[in-house]
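Fold and geometry: a report
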Amino acid sequence: AASASSAERSVLEEEFKWLLKEEVHSVLKQLQDILKEASRRFTLPSGVGEGPTKQENFALGATSSDQVKGILTLQGDTLCQAEVNLKTLRTNQLLHFAFREDKQWKMQQIQDARNHVNQAIYLLTNRGENYTFQTGAEVLKLMDTVMLQLSRARNRLMTPATMTLPEVATSGLTKMFTPSLPSDILLNFYVNVNKLCLLVYQLHALQPNSTKNFRPSGSAILHNPGAMFELNNQRFEVSHVHKVECVVPWLNDALVFFTVSLQLCQQLKDKISVFSSYWNFRPY
């Protein structure tokens, strides 16, 4: 029985060597190809002669009853133009705002996601075809670091930043419009999964002698009507919130690529773990 198990063991060792030498590299190559596609979806020129990134227009809010409509122009990770039409509920005025010609707004979530993808690609290309993995543990470690970057990229798109209302009110975004936003309107843009979202808050100022119990609200992605805050010794309450959004197809593609890549990494980890469970020691 001992000789059978040692023969078995040497077969396993040969298979494991083949896995480390051949199969790991074929998976790494697959991952690189998928992630380069994902990176390309962020449509930023990555090399010489690729020309500028294409601009895409997205329409927000299409139904006739909508209080808010807008056209956003996205170029890679940059909102290079935004036009917003707002019908105010109290006065029923139609207001129109657009970015000043000299202003653009970086979508930090898209920029961060792209940086994480590029970091994952760098980790993979760093282990070229001529590199020999010595142990399963080494492959597991590489997979974990790549998966960490991909999870971060995915989370950046899926989890918008929370902000307090004073942060929204004082963000650089509010100063980019012409005509300037009135003091009772706040705007915020963010990405949520595969959508580009615009939030418009209509505020009303609370009178200094107001009997309303003033409780400033904390951080949130979206603040509901009734949320209060103080800015420059003036207290405000949110009276209405409008949220309009549109799907960005290439963000959708990128998220699919992240999912497929994470599955590939996990499958390779599982294969290596199966081998290591045959051994008495585990190569962790």
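Residues numbered from 1 in each chain as written. Predicted model: local features only at pLDDT ≥ 70, side-chain atom pairs only at ≥ 80, totals over all residues. Heavy atoms only, no water.

As annotated in an unreviewed UniProt entry, the protein carries the name Protein rogdi homolog and comes from Xenopus laevis. UniProt, in the comment section headed Sequence similarities (unreviewed entry), describes the protein in these words: "Belongs to the rogdi family." The annotation that UniProt attaches to the protein under Subcellular location (unreviewed entry) is "Cytoplasmic vesicle, Secretory vesicle, Synaptic vesicle". (UniProt positions renumbered as here; feature names shortened; annotations may be inferred.)

1. Notes on the sheet that holds strand β9 (residues 228–231)
With respect to topology, four strands assemble into an open sheet ordered β7-β8-β10-β9, the strand pairing being antiparallel. Edge positions in the sheet fall to β7 (185–192) and β9, since each of these pairs with one other strand and no more. Adjacent strand axes in the sheet meet at a mean angle of 35 degrees when their direction is disregarded. Across four bridges, the pairing between β9 and strand β10 (residues 234–247) is antiparallel. Counted as the bridge partner of Met-228 is Glu-237 from β10. (Pairing = 2+ DSSP bridges. Helix = DSSP H or I, 4+ residues; strand = E, 2+ residues; numbered from the N terminus. Axes fitted to C-alpha atoms, helices over the stretch in contact; angles between N-to-C directions.)

2. Quick word on the packing of helix α3 (residues 136–158) against helix α5 (residues 249–278)
Close contact between α3 and α5 brings their axes to 9 Å; oriented N to C, the two are set at 160 degrees. Considering the angle they form, α3 stands roughly antiparallel to α5. In terms of crossing hand, the pair formed by α3 and α5 is left-handed. (Parallel < 35°, antiparallel > 145°, perpendicular 65-115°, else oblique. Left-handed = near helix turned anticlockwise from the far one by under 90°.)

3. With respect to the packing of helix α2 (residues 108–125) against α3
Across the interface, α2 lies against α3 with an axial gap of 8 Å and an inter-helix angle of 165 degrees. Considered as vectors, α2 and α3 are oriented roughly antiparallel to each other. α3 is crossed by α2, and the crossing has left-handed handedness. Of the residues in α3, those touching α2 at Gln-108, Gln-109, Ile-110, Asp-112, Ala-113, His-116, Val-117, Gln-119, Ala-120, Leu-123 and Leu-124 are Leu-142, Thr-145, Val-146, Gln-149, Leu-150, Arg-152, Ala-153, Arg-156 and Leu-157. Of the residues in the contact of α2 with α3, the class split is 11 nonpolar, six polar and three charged. (Contact = heavy atoms within 4.5 Å. Nonpolar A, V, L, I, M, F, W, Y, C, P; charged D, E, K, R; others polar.)

4. What about α3?
Counted at 1.5 Å a residue, the expected span for α3 with its 23 residues is 33 Å, and the 32 Å between its end C-alpha atoms agrees. Along α3, the residues classified as buried are Gly-136, Val-139, Leu-140, Leu-142, Met-143, Val-146, Met-147, Gln-149, Leu-150, Ala-153 and Leu-157. (Expected span 1.5 Å × (residues − 1). Buried < 20%, exposed > 50% of the residue type's maximum accessible area, 1.4 Å probe, protein only.)

5. Here's the deal with the pattern of salt bridges
Using the criterion set out here, one finds 15 salt bridges in the structure. Asp-77 is the partner of Arg-114 in a salt bridge, and the nearest nitrogen-oxygen pair spans 3.0 Å. With Arg-114 in helix α2 and Asp-77 in the loop between β2 (68–75) and β3 (78–87), the pair connects residues that are 37 residues apart, well separated along the chain. Taken as a pair, Arg-114 and Asp-77 share a single burial class, namely buried. In this structure, Lys-243 engages Glu-245 in a salt bridge whose closest nitrogen and oxygen atoms are separated by 3.5 Å. Counted as one network, the salt bridges with shared partners bring together Glu-37, Arg-40, Arg-41 and Asp-253. (Salt bridge = Lys/Arg side-chain N within 4 Å of Asp/Glu carboxyl O.)

6. Focus: the packing of aromatic side chains
This structure, assessed with the given rule, holds seven aromatic pairs. Seen from their ring centres, Phe-16 and Phe-275 are 5.2 Å apart, and the 45 degrees between their planes marks the pair as tilted. Of this pair, Phe-16 sits in helix α1 (residues 2–41) while Phe-275 sits in helix α5; the two residues are 259 residues apart in sequence, bridging distant segments of the chain. In terms of burial, Phe-16 and Phe-275 fall into one category: buried. Ring pairing ties together the aromatic residues Phe-97, Phe-99, Phe-177 and Phe-189, which thus form one cluster. (Phe/Tyr/Trp six-rings, centres within 6.5 Å; stacked < 30°, edge-to-face > 60°.)

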